[in-house]
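Structural characterization, general
Here are the chains, one letter per residue:
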Amino acid sequence: MEKSLDDFFEKVITVKWGPGKRSVDIIDQTLLPGTIKRIQVSTKEEIWEAIKKLRVRGAPAIGVCAAYGMAELAAKFDTENYPDFYHQFMEVKNYLATSRPTAVNLFWALNRMEDTLKANSTKTTAQIKDLLYAEAEKIREEDIQISRSIGEIGFGLLKDLKKDGEPIGIETHCNAGTLATAKYGTATAPMYIALEHGWAPEDMHVYCDETRPLLQGARLTSFELSRAGITTTCQCDNMASLLMKSGKIRIIFVGCDRVAANGDAANKIGTSGLAIIARHYGIPFYVCAPSSTIDMKTKTGEGIPIEMRDPEEIKSMWYKEPMVPAEVDTSFNPAFDVTDHSLITGIITEKGLCRAPYEDAFRKLGIQ
Ligand code: MRU
């Protein structure tokens, strides 16, 4: 456990600038929890690979990494001619956009960088380079404020559940924590904000689903929550029903990678099963969603592209030897599923808590 929450946040900063802002410095999340190692990625191929291979992952962190990457790559363009600069920028932007398809924050962040470029087309390329750095920084700073606001709203829900002397049982899936964002996480933000408001770590007991096949819950969420001192249990995904039946879980917080206009929410594979079980046992199920993750152009979950990943993730990736016979097919490996809006108790955005009908609720908060 770290000395203080701030020490802990400092140690696990997901994305920061490398020396001279010539690279992006990330914590390599594929090595956690055993090894805390930072790496610097600077070429477009290295940045693409880091996102694709989940060295940096989680919707908001992917967005921040792409924005930082765009800024430091554009800073190296050797031209003073705007059309030429724009052409090179779009080549990199379009390439980075192919790294992962589901988290809309990737495209949102890249589009913000392009908008900054276009809005300043009359400036010198040296000025544009500075403005791109500033925009990338703004995206990161905003993410910290956004997850803080989500945390405050989620903390309000926790306060309603608090009974003296009894820790509140909270379940979460995948990692929508500090490692997935610039600071507080989204699904974990209510817990971190509770600590900032003076709650004792043992006031909460967080149950982290291990999250097969890439184990983000086991490797990342249980790592960060226990480092922050919060009582943490990690259980296998297929234990969710018995766990909820036991009465230990009072509330569920999950993150999301893209929310459609009707409130259907894509998140790590297994999330929708959790929501179905939660409905069965009458447990409130909240999706924590920065407004950058809400995609009003996608009307329903049917329109959300689901990333399919390498079959080896199921067969052999985390094991000493393959855990499925070599001849057996493991090609069905979707990284995300979509939770139907009807199963969601509420969607917590930084602008407020939304209840169904979600499209109206989003529009009322100015999310377009
Ligand atoms: O494949 P990953 O690890 O990038 O998936 C991450 C998730 O599904 C998170 O829950 C989501 O991105 C929200 S992060 C605040």
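Our structure's up above, just so we're on the same page.
What comes next is a walk through the structure. (Residues numbered from 1 in each chain as written. Predicted model: local features only at pLDDT ≥ 70, side-chain atom pairs only at ≥ 80, totals over all residues. Heavy atoms only, no water.)

1. Comments concerning the environment of E359
Along the chain, the position of E359 falls in helix α12 (residues 358-364). Using a relative accessible area of 25% as the deciding quantity, one classes E359 as partly exposed. Put simply, E359 and M296 are 63 residues apart on the chain and 8.1 Å apart in space, counted from C-alpha to C-alpha. Beyond its immediate sequence surroundings of up to four residues, E359 is in contact with A261, M296 and K299. Of the polar contacts made by the side chain of E359, one reaches the side chain of R363; its length is 2.8 Å. (Helix = DSSP H or I, 4+ residues; strand = E, 2+ residues; numbered from the N terminus. Buried < 20%, exposed > 50% of the residue type's maximum accessible area, 1.4 Å probe, protein only. Contact = heavy atoms within 4.5 Å. Polar contact = N/O pair within 3.5 Å; in protein donor to acceptor, adjacent residues only side chain to side chain.)

2. Details of the pairing of strand β6 (residues 231-235)
Note that strand β5 (residues 204-209) and β6 share five bridges and pair parallel. Along β6, the bridge assignment pairs V206 with T232. Viewed along the sheet, the connection from β5 through helix α8 (residues 216-227) into β6 turns out right-handed. (Pairing = 2+ DSSP bridges. Right-handed = clockwise from strand over helix to strand, strands pointing away.)

3. Here's the deal with the site of the ligand
In the vicinity of the ligand, 19 residues are found, and the nearest of them are R57, R100, D257, N267 and K268. A distance of 2.8 Å separates an oxygen atom of the ligand from a polar atom in the side chain of R57. Between A59 and the ligand, the recorded distance is 2.9 Å, taken from a backbone N or O atom to an oxygen atom. Isolated, the ligand exposes 420 Å² of accessible area, and the fraction of that covered by the protein chains is 100%. Per-class residue counts for the shell around the ligand are eight nonpolar, seven polar and four charged. (Near = heavy atom within 4 Å. Areas by Shrake-Rupley, 256 points an atom, 1.4 Å probe, with all protein chains shown as cover. Nonpolar A, V, L, I, M, F, W, Y, C, P; charged D, E, K, R; others polar.)

That is the geometry; function is a separate question.
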